[in-house]
Amino acid sequence: ASRAKVPDGMHALASHTSKRIIGDVQAESRLNPAVPRPLGGDGVEDDPFTGNVEMKAPPAKVLADPLDPYTDKPEGLDHMWWEQLVQVRNDKIASETEVLNLGIELKEMQKCLHRLTDEDDGLRSRIEQLLKDLKEFREERIRSKYNLEVPQHLKQGQIEIDLAGATMDLSDAVLVHRSVVEDVNEVIKKHGGSKVDTLTAIKDFKKGIYDVQWLNIKLEMDGVDLVNLTKELQLLRVTKSLQDVLKNGEDSQSAQEVQSLEALLEHNRQMQEKRVNEAFAKLRNIQKSSRERLMQNEEIQHQIYGMGAHVAEQMRIKSGQEQQAQPVVTSEKRMRSLVTHRKLVDISKAQKEEMVLLREELERLRLRTFPSFVEMQPPSSLDERSMGHQQLI
């Protein structure tokens, strides 16, 4: 009787566990209808752990044949003891059969448990993926709702992003209020001012150190100079001239040399003044001769103008007389007119050459007296030359 109670407890515990697992599976199947459920041949759930359908127990295997009292009963054994032995044997066989059936049922339950565990893992991973997708969808919805592209009219200097390129990437741009930027700038200026003050203090401190070091080096060098001067004084040979200097306070020979040099300097100064005066006198003479040459040039120019006008008038009168009288011009008259014209041309050329030479001489003298930075261009005609000379004068 005690052996029969233990399998009943195990069966009750297994039945309770299977019902709890089946309840969780049914709840998950109601939450997620896409999860397939095993069906039987008639379309009904073929789950051995549901309470709706009777579980199909596996066929029990007979462990031993029943005892035959005619062949298996020992001789001389009391019938009561035989009955008790048969009862014990049957109870043992029944308990073993029940244990075997429970073992088979346990294996089936373990298989179902593994299958449900796999399905639970798949559902958990799917739930996690769906939750992740839902979270991303919500974030994207919030981002699409609040992170919009809005055109803004900003002044130059208020945009601190890189505007290089044809397209501007504003994915990481942030629109900040001006007061926030000014507050940040004030904080930066404050920290920067403190750093500048610190660097100034460090600079002044190092400057003091450098001044002290320079003073130490200067004093050391002064000391070395004094030591060298003391050595030179100690090693100095006292001569007669040095004794005279020490006695009279100055060197007479040096004083005489200074006097002679001063006299030479004064003589050179006087000679320099004399040369300058002579140069100025020469310059005045050159300027006077230059003015005289200019006056002569002007007179010659007027003579040329008068001769040219006279020649032109004679030619006009001659041409008019020829047109009126139409005399027969002889070869002698033609030759005489040609000779006269030739002489006038030669005189004009000679006077032009003489004027060119005088003008060159004037330029040379002027360049000797004072520098001229005017770039001279040769006039195209005699009138232009005379006008240029008058402007220079």
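Being a predicted model, the structure only gives us computed values, none of them experimental. (Residues numbered from 1 in each chain as written. Predicted model: local features only at pLDDT ≥ 70, side-chain atom pairs only at ≥ 80, totals over all residues. Heavy atoms only, no water.)

This brings us to the overall build of the chain. The secondary structure content of the chain amounts to seven helices and zero strands. Listing every helix and strand of the chain by position from the N terminus yields α-α-α-α-α-α-α. Residues counted as buried form 10% of the 393 residues belonging to the chain. Contacts in the chain between residues at least 24 apart in sequence constitute 69% of all its contacts with a sequence separation of at least 6. (Helix = DSSP H or I, 4+ residues; strand = E, 2+ residues; numbered from the N terminus. Buried < 20%, exposed > 50% of the residue type's maximum accessible area, 1.4 Å probe, protein only. Contact = heavy atoms within 4.5 Å.)

Looking now at a nonpolar patch on the surface. Judged by side-chain polarity, Val-174, Val-176, Val-180, Val-181, Val-184 and Ile-188 come together as a nonpolar surface patch covering roughly 490 Å² of accessible area. Mapped onto the elements of the fold, Val-184 is located in helix α3 (residues 178-235). Classification of Val-184 as partly exposed rests on a relative accessible area of 42%. (Patch = residues over 30% accessible without salt bridge, like charges linked within 9 Å, V, L, I, M, F, W, Y side chains within 5 Å. Areas by Shrake-Rupley, 256 points an atom, 1.4 Å probe, with all protein chains shown as cover. Salt bridge = Lys/Arg side-chain N within 4 Å of Asp/Glu carboxyl O.)

On to the side chain of Thr-97, then. Its place among the elements puts Thr-97 in helix α2 (residues 79-146). A distance of 2.7 Å separates a polar side-chain atom of Thr-97 from the backbone oxygen of Ile-93. (Polar contact = N/O pair within 3.5 Å; in protein donor to acceptor, adjacent residues only side chain to side chain.)

Moving on: α2. Count 3.6 residues to each turn of an α-helix, and residues three or four apart come out pointing the same way. For α2, built from 68 residues, the straight-helix expectation of 100 Å at 1.5 Å per residue is met to within 8% by its first-to-last C-alpha distance of 96 Å. Trp-82, Val-86, Ile-93, Ser-95, Thr-97, Leu-102, Glu-105, Met-109, Cys-112, Leu-116, Asp-120 and Leu-123 are the residues of α2 that are buried. (Expected span 1.5 Å × (residues − 1).)

Confidence along the chain averages 76 in pLDDT terms, with 72% of residues attaining 70 or more. Helix α7 (residues 382-392) is the least confidently modelled element of the chain, averaging 42 in pLDDT, while α3 averages 92, the highest of any element. Counted against residues more than four places away or in other chains, residues 1-18, with its pLDDT under 50, gives eight contacts. Low pLDDT, under 50, characterises residues 372-393; the predicted model gives this stretch 22 contacts beyond four residues in sequence or across chains. (pLDDT = per-residue confidence, 0-100.)

In this structure the tally under the stated criterion is nine salt bridges. Residue Lys-218 pairs with Asp-222 through a salt bridge whose shortest N-O separation is 3.1 Å. A residue pair is termed a helical-turn pair when its members lie 3 or 4 positions apart in one helix, as Lys-218 and Asp-222 do in helix α3 at four residues. Taking the relative accessible area as the measure of exposure, Lys-218 reaches 35% and is therefore partly exposed. Assessed through its relative accessible area of 31%, Asp-222 is described here as partly exposed. Ionic pairing is found between Asp-346 and Arg-342, a salt bridge with its closest N-O pair at 3.6 Å. With a gap of four residues between them, Asp-346 and Arg-342 both fall in helix α6 (residues 331-369), about one helical turn apart.

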